[in-house]
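# Results of the structural survey
Spelled out from the first residue to the last, the chains are:
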Amino acid sequence: MNKRYKRKKQLLGLQIIAGVLQTHITSHLVNSFPHKMEEVEELLNRLKTTLIAHSYLTAKNNEELLLNKLQGLVTNIKWSPVDAADLFDVLLKRFESTTTDRSHLLSWMLNMLHCIEINYITPSWRHEQSEKTLIELVRDRTVTDEDLKKYLADDTEKQLDEILEEIRHQKLNQIDETLLDDVKDIVSYVSVNPTVNNNGSQQSGLKKDLLRLCQTVDEIKKFRPRLTQMVSWCIMALSKTGQLIQVGTGEGKSCIVAMFAAYRAMRGEKVDIMSSSSVLAQRDLDEWRDFYNVLKISVSCNINKQDKDSKECYKCQVVYGTVEEFAGDWLQHHFHRMNIFGERKFQCAIVDEVDSLMLDKGLHVVYLSSDMPALQHLNPLLAFIWSTVNKYTKIGTKTTVGQTYPFPHVVLENIKGKDVDEFSILQMAEDTGILAKGSVNDLKRNPSLLTEKTASVTVDQLAEFFEAVERRFPSCQFALHCINNDGEIEELNKGPQKETAERQRVPLLLINGGFCQYMYSDENSIQRAVQAEIEHALHFTPCQLSQDTFSCYMPGFLSDLVKLKLKVWIENALYAQTMRMDHEYIIEEHGIVPVDYSCTGVVENNMKWTDGLQQFLEMKHECKLSNMTAITNYMSSFGMLQKYGNNIFGISGTIGQQTETETLQKIYEGIKTCQIPSFKRRKLFEVEGVIVGDEKEWIEKICNVVTAKTNTTLYRAQRAVLVICETINRAKVVHQALGDKVPSKKLYISNNMDNTAIFAKKLQAGEVIIATNLAGRGTDLQVSAQVNTAGGLFVVLTFLPKNARVETQAFGRTARQGSPGSAQLIICPSHLSKLLELLALIGKQQSLLENIFNDKLAHHFVVQFRLYQKSHSNELSKSLALKVLTKTSDLGIKTLKDARNDSVEQTLASYLECDLTKIKKKEELFSQYLITLDEVYNSSNKPADSYLSALNEFWGMWLLTNFSENDSMMDLKNKLTQDLKTAREKLSKGQSPSSNLHHYIAFGNELREKRQLAESIKMYTKAIQEDHCWAAIAYYNRAFASLTLQDKHQEPNCIDQALEDLQNALKSVELYWEQMEVTCRYSTQVRDLHSNSVTRFDMHMKARQKVLLCFKGNINEAMKKVDRARDLGGNVKVEKSLVYFLVPVVNFIPLVVLSTESLTLIHSRDLLKLLQLISHPSCDILNELSCLKSMGLTHVYTLDTLFSVGGFLSKIFWPKR
């Protein structure tokens, strides 16, 4: 067989493989066999190896680069292959007409094509003066090369008619012709700065307003607003309802916002401008403050304001801020009754980056933190859950095993309803020979010898024993496995056993030494096993306390909450195991902080996860442990915007695709959309995306692209590069991989860092920024003139964004305001979801297969070009170029994006049908609760703090335990109304609405402060009756209230009762201590045994121990004094101090030092710095004392024994019988 025939046959075989992959795998495997993914990957990787071995994947060279640039015209600037071939032909002829030396033909051709590429010249483009197309200019010998390049780079701003015509043809356009005619009329007059004749019409009034605004911008900012900005302003000003406008990135949105806000303010309205971040809100205010001042419009910003300052802020006509600040202040006004807004109404909202706020953050909830001491009791349970889920480990890809048990435990657990104990099982083991004779008798005397007795038991012996158990107890069946010598799971008792509902095989992994582990094949079975284990150890008080240190005790009033939420907490514990630092969250000085990695890249310092997830992550990294909270007040972004009715005006560079705009219009009825063209032709050249094979190849590809762009080439100088990574971790990986290849590089990965150096000056040639999505939305990177000449900023997007809007925002960092720029997607399949990963791998291999058939033509073209350049040939076939240029574009990226967009569509549907409905229901219920609060505040008597606290807590717990998405709104409202009525009736009678002993303690404390000591004692007694196990503070407070009531003249029975109360208080404190030890033990059970480092968790628990020890010490000291008074027949003098005096003053010295050093920081109101200060270890003792205070220990007491001669004699002569 000759080589040519053999090669042809190989190609034919690969064609067959390609056909199979495209028709079978793509259409069937993705949907029908997702579990076969590993086999598909192996097949595709073998195919790739074959292709490389046969040299079908060739290295790049300059001639191929030329071909790539020609192909880029077809795939990325939409030239037809015929037009691109014609262009190549005329360029060749132009070169031939100027010289006979072909040695620099390649560099000249690359230079010309690069100029066409960076200026995004399409076949229909025409030079403004000559009206000639590119091909016509190339043919024109009177136009020099330098003139040609200048013509391509020159761009003038679009004219008004051109702008309006583009608006008419935009998909997002919902503007009628009449309105566009009015826009044209107004802008035409104002743009030439005429004298406006006021005829009383709306148009004449708007002309006058717009003219004044434009003149003010010119005066203050030293530039005249562009036509596109005037058009945007007019569309909003003329709209009778809300309007969403898409204005391209870098097109001057802040100017449009300021002009429109000023216009509405001049009409006498209050205007709220909502930015996507606090930094942008403050920046825009500072930038436009003088503009408002000239117009005599008061303006402020609501960021980091205290109560008094907030009230002053909202008196202004225009307020900049974030939706979170507006929502928080609304809650302060309506929930905390602080009258923040005064008379301010919600008249007009202007929302910057409107798509992010309405879609990505629409369900974000703002709430004001409130003390809920009851939830501190949940910490031991959360720690126990965390410890339990960490006993479950994955073996291979599909199997999880639980904790290790001795074989008798497993057998006994599975023999249900039989009169069998552990020693019966051990006797069976001895009888079958796996335990030595006499072992059972030894174990009866000393059960701790079991591990020693079973040390020599092998897996095979265990298997034989379990088979004997199956024979004796037929209803008890096991599927036995072991780990073989290859490290794989192997089934030991394969057989025809038939499972029934009554007889199911229990999967077990056998281990040498007589141990077993249960095996689980899905997450649901793991969750059920974890839940069963937790429920076994969980006890609700009041109950008999055992000496078992592995028990977990919860107050009885939390039983409904625990039973309802236990499954959710277990799910979140399992999820916390899979979450990664520098991906979904980072660790800051103030603890675990979420990162909005998929949209904005922002580190969300104010955010915390709910339902235990925050606490599980804190345990995972041994950070300071926070308490769970129940939300008693909240306002979503959606709910906040709804308050403006149809007066919402949004601006963004990416309103989104049709599905997203339709979603917005369903949420905010009556709102319309419009897309404003760029003021100059946009020159973004999108390089064809790449799907790599694996992470190693992904890193190499990114490094190669970055180094290629930052190095000088035949046809251009160095460029600047922005690399955007999905996560902080991956940004760090890329930064490290670039190493010395790029000497001038910076990381931009956290808004908590000082990033001023990144924006301090324009990006220079060769400079690289490696960032997260933080460098996407809202970031304005300036580049030097040298970089622009070389092609502008090159953006490398190293992942597939969650939606097209995030992608557009990332690419929008370049090619701004008519400057050139390029961008490229580089995707690693393993970073995607499983389905998208499979699609990416298939697409990658399809591309490789298609390249086989293009490589031959490409190779032929390269050979012909080289011969031509060396003058060995006088003809370079245009038809050959045409054949090469008819190569189809890579469908892999398109397939991924289509699948991504389908997923977005499904997510938005769920957003409308489920998520939004749920938040609407909750906000409607909250509104109803606010009505109840109004009734409470408007009643004749001012409500006590304890009353409000108990009512708020009742409402928060009600929502946690009673809310159901499936219940009708009417049923939920009716139930809430009735339950709140009952709760208020109980509170009016001095009863806790939820049987919470902490409520009674709070009631008692308020009565004590009013000197109603007898009444306070009754309340402390009620707390003790509710749950004596946790009543340490109630016992303590009752003891001293009783002693204070009979101050210095206590009866003997009063002394006796006080002593008994203090003894009971000490017992209860011991329970607190034991459960704190449970928290410590289980939280740190997964710690590296060889680590001796003191963690932040250790410091926190040490502070808690210190406070509890001081409390115990105070009680013991009081008991001694009371006991002495009883023995001597004397009395005691009670001295009261604030709870903060419970610990020695020396413990506050580090806090005093820290506070002194941080005075400037405290006055700065920097939220991040304040969070870090509050979370500093020096504050731990103060925070723990505050926790005790919230649970009712507001004061601590000291006693002095007062000697009484009469009392002493009565003790001698009339002793108590």
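Nothing here was measured: the structure is a model prediction, and the numbers come from that model.

Parameters at a glance
- Residues numbered from 1 in each chain as written.
- Predicted model: local features only at pLDDT ≥ 70, side-chain atom pairs only at ≥ 80, totals over all residues.
- Heavy atoms only, no water.
- Helix = DSSP H or I, 4+ residues; strand = E, 2+ residues; numbered from the N terminus.
- Buried < 20%, exposed > 50% of the residue type's maximum accessible area, 1.4 Å probe, protein only.
- Contact = heavy atoms within 4.5 Å.
- Lys, Arg positive; Asp, Glu negative; His and termini not counted.
- Charge placed at Lys NZ, Arg CZ, Asp CG, Glu CD.
- Pairing = 2+ DSSP bridges.
- Axes fitted to C-alpha atoms, helices over the stretch in contact; angles between N-to-C directions.
- Salt bridge = Lys/Arg side-chain N within 4 Å of Asp/Glu carboxyl O.
- Parallel < 35°, antiparallel > 145°, perpendicular 65-115°, else oblique.
- Left-handed = near helix turned anticlockwise from the far one by under 90°.
- Nonpolar A, V, L, I, M, F, W, Y, C, P; charged D, E, K, R; others polar.
- pLDDT = per-residue confidence, 0-100.
- Patch = residues over 30% accessible without salt bridge, like charges linked within 9 Å, V, L, I, M, F, W, Y side chains within 5 Å.
- Areas by Shrake-Rupley, 256 points an atom, 1.4 Å probe, with all protein chains shown as cover.
- Phe/Tyr/Trp six-rings, centres within 6.5 Å; stacked < 30°, edge-to-face > 60°.
- Core = buried A, V, L, I, M, F, W, Y, C linked by side-chain atoms within 4.5 Å.
- Expected span 1.5 Å × (residues − 1).

Broken down by element type, the protein carries 47 helices and 27 strands. Across its three principal axes, the protein shows a C-alpha extent of roughly 135 × 95 × 55 Å. Per-residue burial for the protein yields a buried fraction of 52% across its 1217 residues. Sequence separation of at least 24 residues holds for 74% of the intrachain contacts in the protein that already meet a minimum separation of 6. Side chains of the protein carry 144 positive and 147 negative charges; the gap between the two charge centres is 2 Å.

Turning to the sheet that holds strand E20 (residues 683-691), a few remarks are in order. Pairing is parallel across the open sheet formed by 6 strands, whose spatial order is E20-E25-E24-E21-E23-E22. This sheet does not close on itself; its edge strands, each paired only once, are E20 and strand E22 (745-748). The mean inter-strand angle of the sheet, taken between neighbouring strand axes irrespective of direction, is 15°. Relative to strand E24 (residues 793-797), strand E21 (residues 721-724) runs parallel, the two being bridged by 4 bridges. Directly across from Val723, in E24, lies its bridge partner Val796.

Enumeration over the complete set of coordinates arrives at 58 salt bridges. Among the ionic pairs, Lys158 bridges to Glu166, the shortest N-O distance being 3.1 Å. Classification of Glu166 by relative accessible area gives partly exposed; the value is 26%. One connected set of salt bridges, linked through shared partners, spans Glu353, Asp355, Asp360, Glu660, Arg777 and Arg805.

Moving on: the pairing of strand E14 (residues 552-555). Burial along E14 is two-sided: Cys552 and Met554 and Tyr553 and Pro555, pointing in opposite directions, are all buried. The pairing of strand E13 (residues 538-541) with E14 spans 4 bridges and is parallel. When the sheet's bridge partners are listed, Leu538 is paired in E14 with Cys552.

Strand order across the open sheet formed by 6 strands is E7-E8-E12-E11-E9-E10, with mixed pairing between neighbours. In the strand order of this sheet, the two ends are held by strand E7 (393-395) and strand E10 (489-491), each with one partner. When the angles between neighbouring strand axes are averaged without regard to direction, this sheet yields 40°. Strand direction decides the pairing type here: strand E8 (residues 399-406) and strand E12 (residues 515-520), joined by 5 bridges, are antiparallel.

Further remarks concern unusual backbone geometry. Phi is mostly negative for residues that are not glycine, and the peptide bonds are mostly trans. The omega angle of the peptide bond from Thr541 to Pro542 is 0°, so this bond is cis rather than trans. Considering the arrangement of structural elements, one finds Pro542 in the loop between E13 and E14. The residue Tyr120 is not glycine, and still its phi comes out positive at about 50°. Positionally, Tyr120 belongs in the loop between helix H5 (105-118) and helix H6 (134-139).

Our focus in this paragraph is the packing of helix H19 (residues 422-431) against helix H22 (residues 459-472). Contact geometry for H19 and H22: axes closest at 10 Å, N-to-C directions at 120°. Relative to H22, the element H19 lies oblique. The element H19 and its partner H22 pack so that their crossing is right-handed. Contacts between H19 and H22 involve Ile425, Met428 and Ala429 from the former and Phe465, Ala468, Val469 and Arg472 from the latter. Counted by class, the contact of H19 with H22 contains 6 nonpolar, no polar and 1 charged residues.

This next bit is on the environment of Ser387. As for its placement among the helices and strands, Ser387 is situated in helix H17 (residues 379-389). Looking at Ser387, the relative accessible area reads 2%, which means it is buried. In the structure, Ser387 is positioned 696 residues away from Ser1083 in sequence and 6.3 Å away in space, judged by C-alpha atoms. In this view, Ser387 contacts Tyr1082 and Gln1085; residues no more than four positions away in its chain are not counted.

The next thing to look at is the confidence of the model for the protein. Confidence in the prediction for the protein averages 87 pLDDT; 90% of positions are at 70 or higher. Low confidence marks residues 51-59, where pLDDT is under 50. Its contacts with residues over four positions away, or in another chain, come to 19 contacts.

What follows is about a nonpolar patch on the surface. A cluster of nonpolar side chains, contributed by Val1146, Ile1149 and Val1153, occupies part of the molecular surface with about 260 Å² of accessible area. Structurally, Val1153 can be placed in helix H43 (residues 1149-1157). The class for Val1153 is partly exposed, based on a relative accessible area of 42%.

Let's shift gears to the pairing of strand E2 (residues 271-275). Of all 5 residues in E2, 5 are buried; the element is thus mostly enclosed. Of the two faces of E2, both are covered, the one formed by Val271, Ile273 and Ser275 as well as the one formed by Asp272 and Met274. As paired elements, E2 and strand E4 (residues 318-322) share 5 bridges and run parallel to each other. Looking at the pairing, Ser275 lines up with Thr322 of E4. In the sheet, E2 pairs with strand E5 (residues 348-352) via 4 bridges, with the strands oriented parallel. Bridged to Val271 within E5 is Cys348.

Close contact between H17 and helix H24 (residues 559-578) brings their axes to 10 Å; oriented N to C, the two are set at 50°. One way to sum up the angle between H17 and H24 is to call them oblique. Along this stretch, H17 crosses H24, giving a crossing that reads as right-handed. Here Leu381, Leu382, Ile385, Trp386 and Val389 of H17 lie close against H24, whose contacting residues are Val562, Leu566, Trp569, Ile570, Ala573, Leu574, Ala576 and Gln577. Its residues assigned to classes, the contact of H17 with H24 comprises 12 nonpolar, 1 polar and no charged.

A separate point is the packing of aromatic side chains. Summed over the entire model, instances satisfying the criterion amount to 34 aromatic pairs. Ring geometry for Phe926 against Trp955: centres 6.3 Å apart, planes inclined by 20°, an arrangement best described as stacked. Pair noted here: Phe926 is in helix H35 (residues 891-938) and Trp955 is in helix H36 (residues 945-962), with a separation of 29 residues, a long-range link. By the burial criterion, Phe926 is buried, and Trp955 matches it. Ring plane angle 75° and centroid distance 5.1 Å describe the contact between Tyr1036 and Phe1111, whose orientation is recorded as edge-to-face. One end of the pair, Tyr1036, is in helix H40 (residues 1032-1045); the other, Phe1111, is in helix H42 (residues 1096-1128), with 75 residues separating them in the sequence. Site record: aromatic cluster; members linked through ring pairs are Phe335, Tyr634, Phe926, Tyr929, Trp955 and Trp958.

It is worth spelling out the side chain of Ser275 at this point. Relative to the helices and strands, Ser275 is located in strand E2. Those residues in contact with Ser275, other than ones at most four positions away along the chain, are Leu280, Ala281, Asp284, Gly321, Thr322, Val323 and Asp352.

Moving on: the nonpolar core. In this structure, Leu378, Leu381, Ile385, Phe466, Trp569, Tyr1036 and Leu1043 are the most contacted members of the largest nonpolar core, which totals 203 residues. In terms of residue count, helix H41 (residues 1052-1083) provides more of this core than any other element does, 15 residues in total. Residues in contact with Leu1043, not counting those within four places in the same chain, are Gln1050, Cys1054, Ile1055, Ala1058, Val1122, Val1132, Val1134 and Leu1199. One finds Ile167, Val247, Val257 and Ala265 within the second-largest nonpolar core, a separate group that totals 58 residues.

In this model, H22 (14 residues) spans 20 Å end to end at C-alpha, consistent with the 20 Å of a helix rising 1.5 Å per residue. Where the residues of H22 are buried, they touch helix H18 (407-414), H19, strand E9 (477-483), strand E11 (505-511) and E12.

What follows covers the side chain of Arg1038. Topologically, Arg1038 is positioned in helix H40. Arg1038 sits in the buried class, given a relative accessible area of 13%.

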